[in-house]
Structures are given as structure tokens and as C-alpha cells.
Amino acid sequence: MEFVITLDRNGKGSLQRQICEQLRHAILIGRLLPGQRLPSTRLLAQTLGVSRTTVLQSYDQLLSEGYFHSSQGSGTFVCQQLPEELHNPIGRNWEIHKHESPAPQFQLSEFGISLTDAQPFEPSVPPVSVRFRFGQPDLDRIPLKQWRKLWSRHCQLNHLEVFDYAPDSLGYRPLREAIAQYLARARAVHCDADQVIIVSDPLQAIDLLTRVLINRGDQVALENPSFVDIRRIFLAYGAQLCPIPVDESGMQVKQLHELPEGNTKLVYVTPSHQFPIGVTLSLSRRLELLAWAKSSGAMILEEDYDSEFRYTGCPIPSLQGLDPSAPVIYIGSFLEALFPALRVGYLVAPHHLIHVLARAKWMAARQAPLLEQYILTDFINEGHLERHIRRMRLLYGKRRQVIEQALISAFGQQVTILGEKAGTHLTIRLQSSLSDTSVLNRAMQVGVGLMSTRSFYLNNYQLSEYLLGYADLSEQKIQTGINNLSQAIKSN
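Figured I'd write up the structure that's included with this text. Since this is a predicted model, take the numbers as computed values, not measurements. (Residues numbered from 1 in each chain as written. Predicted model: local features only at pLDDT ≥ 70, side-chain atom pairs only at ≥ 80, totals over all residues. Heavy atoms only, no water.)

Take the packing of helix α10 (residues 202-213) against helix α14 (residues 351-364) next. In the contact formed by α10 and α14, the axes pass within 10 Å of each other and the chain directions differ by 115 degrees. Taken together, the axes of α10 and α14 lie roughly perpendicular to each other. In terms of crossing hand, the pair formed by α10 and α14 is right-handed. Contact with α10, carried on its side by Gln-204, Leu-208, Leu-209, Arg-211, Val-212 and Leu-213, involves Leu-353, Val-356, Leu-357, Ala-360, Lys-361 and Ala-364 of α14 and no other residues of that element. (Axes fitted to C-alpha atoms, helices over the stretch in contact; angles between N-to-C directions. Helix = DSSP H or I, 4+ residues; strand = E, 2+ residues; numbered from the N terminus. Parallel < 35°, antiparallel > 145°, perpendicular 65-115°, else oblique. Left-handed = near helix turned anticlockwise from the far one by under 90°. Contact = heavy atoms within 4.5 Å.)

Next comes the structure, spelled out in C-alpha cells:
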């Protein structure tokens with residue numbers, strides 16, 4: 001290890017004394033921890049530009065004082081039991097006082113202040129046996145064999161460029177081509193590779209688009225309820241939020257006509273599987289939304305959330321695919337189709353926006369990891385992705401049936417299952433005299449974790465709605481979790 005010591009060669013104290021004092025001080029303030037190994041005398045002498053004898057004398061002094069101890073063949077270490085802790089008030093009280101210095105006062109931005117509210121930024125993970133968490137795929141079913149094979153292939157090919165800077169910020173060109181072809185097949189998206197930009201996830205895509213398209217004070221319309229983090233991003237850039245209610249046919253598009261004309265710059269929507277309710281935007285409303293965007297000059301941000309997993313009826317094409325000339329930016333990722341640690345998502349934008357978006361992305365996050373992009377390209381082109389999605393659709397469809405049957409059996413007419421038979425979670429509405437806080441607390445007491453939809457709503461919070469993810473739970477765990485939840489809620 002190396003260690004920084006500043007020597008004053010014109011000072012009164014000898015170099016040996018300065019080294020001793022700075023090492024002693026580093027121990028007392030916690031910069032060097034008990035048991036930590038010290039740099040060798042030869043290395044420290046080279047680093048400081050002094051003779052090795054000077055450093056040896058400094059180490060010997062601290063050894064004699066009880067700050068250091070040496071082990072033959074292993075090196076020199078900070079003592080576990082320090083003399084200052086035994087008889088010097090400074091050392092003894094260091095742990096007490098080292099945190100007492102007041103932090104300097106600094107004015108946060110409006111966005112920074114918004115992050116200090118009481119609502120947790122990241123949901124805590126409760127110590128429960130059955131956790132109905134959304135957005136969590138079944139990690140036991142990750143196609144590791146194929147992924148490992150492709151990883152080995154690209155490592156053995158000695159592609160040194162995967163360790164270098166990418167030539168542009170749009171992403172690996174063959175991956176963009178593969179995504180464009182996949183979206184054309186699976187989602188009826190009209191695009192070419194030049195319109196695809198690789199991002200880490202949908203949140204980065206939203207952040208990038210908001211920075212480029214929104215000025216402070218511009219209006220952004222979005223579904224109500226919707227993702228909390230999406231709202232935070234819009235607010236961070238000074239947008240004025242216009243929540244649009246959601247019913248059984250999706251966003252109530254007619255309410256967009258009531259907004260001041262020309263003020264709305266963006267509309268955020270999840271038409272294929274609305275989050276968190278799970279409804280699908282009807283065809284008539286899709287066409288109405290596209291027509292309104294064209295006439296108003298607004299841009300539609302379409303996040304195709306959970307679109308791979310639909311268990312009844314025909315696949316629903318993307319909103320973007322209905323009218324290639326409409327102002328729509330399509331956003332997707334592989335986080336739930338494959339696994340969350342694969343930080344590769346994408347956006348599909350009109351040609352005239354690609355140049356400015358590429359430059360903005362270069363400034364914020366130049367590139368996604370190249371090795372993962374190489375692997376994912378082959379994974380898509382060789383058919384592994386679509387085979388995996390078909391397998392998981394069957395598995396998740398069965399788990400969906402199990403959780404619906406368990407809810408109806410346990411709660412009867414007290415429960416309403418909202419939304420379509422799609423995705424990897426469902427949202428329920430319970431008829432109960434209990435508050436959502438009481439329901440969540442009772443559930444946790446019986447080892448069940450679930451989430452209220454409270455935080456997803458703006459202005460018109462709905463009572464007794466809960467979100468239950470089921471993709472990573474076995475059928476047995478689903479049954480157990482719903483039974484325990486029912487007993488907890490119905491008990492006096």
C-alpha cells in the first residue's frame with residue numbers, strides 16, 4: 001500500500017520526527033485503523049524521497065511507543081490496542097468526538113430538498129418469508145448456460161475494443177440493429193438502427209429526454225397513478241406536472257384537451273400495461289392521443305413496460321407503431337425479460353432528435369458496458385431472447401392464475417383484481433375497514449411483504465389498493481402468502 005505524508009524539508013523538525021508525528025496523528029484520527037498493514041519501509045522511503053534509515057527509525061520509535069507491532073515475514077501493523085485509548089483523553093474520547101463537528105451549511109437545490117422528504121427513496125426490504133415485490137424476475141430461470149457461453153466467446157476472441165471507449169454514445173451498432181429488428185417483429189415498432197440509442201435503463205432514458213426537451217415551467221402530462229421516480233425526474237428539471245386519471249381503458253385522454261393549449265411539452269404513458277394498475281390503453285384512446293399530440297405539438301414518451309408478458313388475447317402493438325409520423329419516443333429495456341443487473345435499455349427516437357440526444361448522452365454517460373452489449377447482440381440474433389421470453393411467459397402465466405385463484409378463494413367479493421392478465425404483478429382493491437398502514441403492518445407480522453399504491457398517486461389517492469408481484473415466487477409461496485395475508489386482515 002502507499003500512504004500520503006507531507007514533509008516540510010525546510011522546517012525545524014527532523015524528517016524522522018515529522019514522519020512519526022504524521023503517522024501517530026493518522027492513527028488517532030482513524031485514517032490508519034487498528035490492525036491495518038503499513039507500507040514497507042523501502043516503499044515509504046521511495047514514496048517520500050528519503051533514506052530508508054529515516055523511515056526505519058520512525059517505525060522503531062512507533063514500535064517502542066506501542067502504536068505499531070511487527071510480525072516476522074508479514075510486515076508492520078497498527079496495534080489493535082492503542083496506548084492513547086488507555087491513558088490519553090484525546091485518544092480515549094476520539095470515537096466520541098470525531099462525529100461532533102457540525103457539518104457546513106450548504107443550500108440544496110429545489111430537487112435536493114425534494115429528496116429529503118419523509119418518503120423513503122428506496123423501499124426497505126422487510127424481513128418476511130413471502131415478499132410480493134414488483135419488477136423482480138425469477139432469477140433461478142436466468143439462461144446462464146447460454147449467457148456464460150457467449151461471455152466466454154467474446155473474452156476468448158480477444159476483442160480489446162470492449163475495454164476501450166466506444167466510438168459514439170449511441171451504443172454498439174450491431175446491438176442497435178438487433179434491437180430494431182426485434183422491436184419490428186415483437187412490438188410492431190417502425191424504426192431503423194439509426195433511431196436506437198442504448199441507455200442503462202428507462203430512468204436514464206427519461207432523464208436524458210427531459211433534459212433535452214423540457215424547460216423550467218413546461219407542463220408534463222402523465223398517468224395518475226404512475227412511477228414515483230419518473231415524477232421525481234420531471235420535477236428535478238422544473239416541470240409542472242399535470243396528472244391525468246386512469247380508468248379501465250387507460251389514461252383518460254379527453255382530459256388532455258382541457259389543458260392550456262400549447263403549454264404541454266411531454267406526455268408520459270405506459271399504454272401496453274399501465275403501471276401500477278395494469279390496464280391497457282384502448283385503441284380509440286391510442287388514436288385520440290396520437291392525434292392530440294400532432295395537433296398540440298407535444299411529444300409522447302411511451303414506456304413499453306412489461307409488454308413481453310401478456311397471457312390472453314393477441315399481442316398489442318406499440319403506440320409508436322400505429323403512426324410512424326406521430327411524435328412518439330419509445331422506451332424499453334431487458335431488465336425484467338432477463339435480469340436487473342443487465343443495465344442495458346434503449347430508446348427509439350425520431351431521426352431529427354438523434355443528433356442532439358447523442359450529444360446529451362455523451363455528456364452525461366458516454367457508454368454502456370461494451371462486453372454486455374456484445375453478448376446481448378448474439379443473445380438476440382441467435383434466438384435465445386425470444387425463446388427465453390416464451391418460456392417465462394408460460395411460467396409467469398401459471399403463477400398469475402395461481403395468485404388470482406388464491407385471492408378469490410381467500411377474499412371472495414372483498415377483492416377486485418385490477419387490470420389485464422399481463423405483466424409480472426397485479427394490483428388489487430380490497431374492501432376493508434383497515435387503513436393501508438394497518439394492512440401492511442398486519443401482513444408483515446405474518447411474514448408477508450406487499451406494497452400500497454399510495455405513493456404512486458398524485459392528488460386523488462385511492463384507498464385500499466395493493467400491488468403484488470409474483471414472478472419470483474413459487475406457486476406454493478404464492479398460496480402461503482395469500483392465505484397468511486387473508487388471516488391477518490380478517491383477524492380481530
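Once you've had a look at it, read on.
With that settled, consider the packing of aromatic side chains. On inspection of all chains with the given rule, the structure shows 14 aromatic pairs. Between Tyr-59 and Phe-68, the ring centres sit 5.4 Å apart and the planes meet at 80 degrees, which makes this aromatic pair edge-to-face. The exposure class of Tyr-59 is buried, given its relative accessible area of 3%. For the pair Trp-147 and Phe-379, a centre-to-centre distance of 5.4 Å together with 65 degrees between the ring planes defines the contact as edge-to-face. Residue Trp-147 is found in helix α8 (residues 144-156), and its partner Phe-379 is found in helix α15 (residues 370-381); the two are separated by 232 residues along the sequence. By relative accessible area, which is 0% here, Phe-379 ends up buried. Counting every residue linked through ring pairs, the aromatic cluster contains Phe-134, Phe-227, Phe-275, Tyr-305 and Phe-456. (Phe/Tyr/Trp six-rings, centres within 6.5 Å; stacked < 30°, edge-to-face > 60°. Buried < 20%, exposed > 50% of the residue type's maximum accessible area, 1.4 Å probe, protein only.)

Take the sheet that holds strand β16 (residues 465-469) next. Taking strand neighbours across the sheet as the criterion, the 4 strands line up as β12-β13-β16-β15 in an open arrangement whose pairing is antiparallel. Of all strands in the sheet, those with a lone pairing partner are β12 (415-418) and β15 (451-452), marking the two edges. Direction of pairing for strand β13 (residues 425-430) relative to β16: antiparallel, over a ladder of 5 bridges. Bridge pairing in β16 places Arg-429 opposite Glu-465. The strands touched by helix α16 (residues 384-411) are β12, β13 and β16; relative to β12, the strand with the most contacts, the crossing angle is about 155 degrees. (Pairing = 2+ DSSP bridges.)

Geometry only, nothing functional implied.
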